[in-house]
Amino acid sequence: MEKFQSIEVSLRLQTAVRNIAVVGASDKTHRPVFGVMQFLQRKGYRCLPVNPRLKGQVVLGETVFGALNEIPQTIDMVDIFRRSDEVLPVVQNAVHLGAKSIWMQLGVINIEAAKLAYDAGLDVVMNRCPAIDWR
């Protein structure tokens, strides 16, 4: 599990990514995901919100997608704000779509999903937050 909590991978991704799909995006300003998206946008990243309940709405200036496979841009990183037991299908979809990296937020731990992504050649960060690591 330690290899998926590497600060080195986290910091390398800071300069390697531009388009970030944010799975579990929210329009509620008090949610951590809202603050993280806001932080990433201020740092120059394009955050592509994903939430089927908000599909078509606008969050922080970006139209919300219902699923990863609806995003027309290349996905450099999938930032996952979902419960740990809901991560595997997201990662399977990300691998299938050719995403370059997976980021599971603080408290999100799914070893099976992490191994799947890692074995497929993706960079994987788990149980960390880019808004903390990339300050």
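See the structure shown above.
Now for a description of the structure that goes with this document. Quick caveat: nothing in here was measured; it's all calculated off a predicted structure.

**Side note on unusual backbone geometry**
Consideration 1: Despite not being glycine, Leu60 has its phi angle at roughly 50°, a positive value.
Consideration 2: Overall, the relative accessible area of 26% leaves Leu60 in the partly exposed class.

**Concerning the sheet that holds strand E5 (residues 77–80)**
Consideration 1: Read across the open sheet, the 5 strands follow the order E2-E1-E5-E6-E7; overall the sheet is parallel. The outermost strands of the open sheet, each flanked by one partner alone, are strand E2 (46–50) and strand E7 (123–125). Neighbour-to-neighbour, the strand axes of the sheet open up by a mean angle of 20°, direction not taken into account.
Consideration 2: The pairing of strand E1 (residues 19–23) with E5 spans 4 bridges and is classified as parallel. For Ile20, the partnering residue across the bridge sits in E5 and is Met77.
Consideration 3: Each of E5, strand E6 (101–104) and E7 is contacted by helix H1 (residues 7–16), which is oriented at about 115° to E7, the strand it contacts most.
Consideration 4: Against the sheet, helix H3 (residues 87–97) touches E1, E5 and E6, its axis set at about 170° to E5.

**Some points on the nonpolar core**
Nonpolar side chains tend to gather and get buried jointly when the protein is soluble and globular.
Consideration 1: Core analysis: the largest hydrophobic core is formed by 26 residues, its most contacted members being Leu68, Ile71, Val78, Ile80, Ile102 and Met104.
Consideration 2: Elements supplying a minimum of two residues to this core: E1, E2, E5, H3, E6 and helix H4 (111–119).
Consideration 3: At 5 residues, H3 tops the list of elements feeding residues into this core.
Consideration 4: If we ignore the near neighbours within four places in the chain, the residues touching Ile102 are Val78, Ile80, Val91, Ala94, Ala117, Leu122, Asp123, Val124 and Val125.

**Some details on the state of the cysteines**
Consideration 1: Under the criterion given, the structure shown has 0 disulfides.
Consideration 2: The structure places no disulfide on Cys47, whose sulfur is separated from the nearest cysteine sulfur, that of Cys129, by 11 Å.

Rules used throughout
Residue indices follow the written sequence of each chain, beginning from 1 at its first position. Thresholds applied to this predicted model are a pLDDT of at least 70 for local features of residues and 80 or more for the giving and counting of side-chain atom pairs; totals over whole chains, interfaces and linings are not thresholded and use all residues. No hydrogens and no water enter the side-chain calculation; it runs on all heavy atoms of the structure. Each residue is placed in one exposure class: buried if its accessible area under a 1.4 Å probe, protein chains only, is under 20% of its type's maximum, exposed if it is over 50%, and partly exposed if it falls in between. When DSSP finds at least two bridges between two strands, those strands are taken to pair. Think of it this way: any DSSP run of H or I at least four residues long counts as a helix, any run of E at least two long counts as a strand, and we number them from the N terminus. Angular values range over 0 to 180 degrees, each being the angle between N-to-C directions of two axes fitted as lines to C-alpha atoms, with helices fitted over their stretch in contact. By definition, residues are in contact when any of their heavy atoms lie within 4.5 Å. Put simply, a nonpolar core is a bunch of buried Ala, Val, Leu, Ile, Met, Phe, Trp, Tyr and Cys residues held in one set by side-chain atoms that sit within 4.5 Å of each other. A pair of cysteine sulfur atoms is labelled a disulfide when the two atoms are within 2.5 Å.

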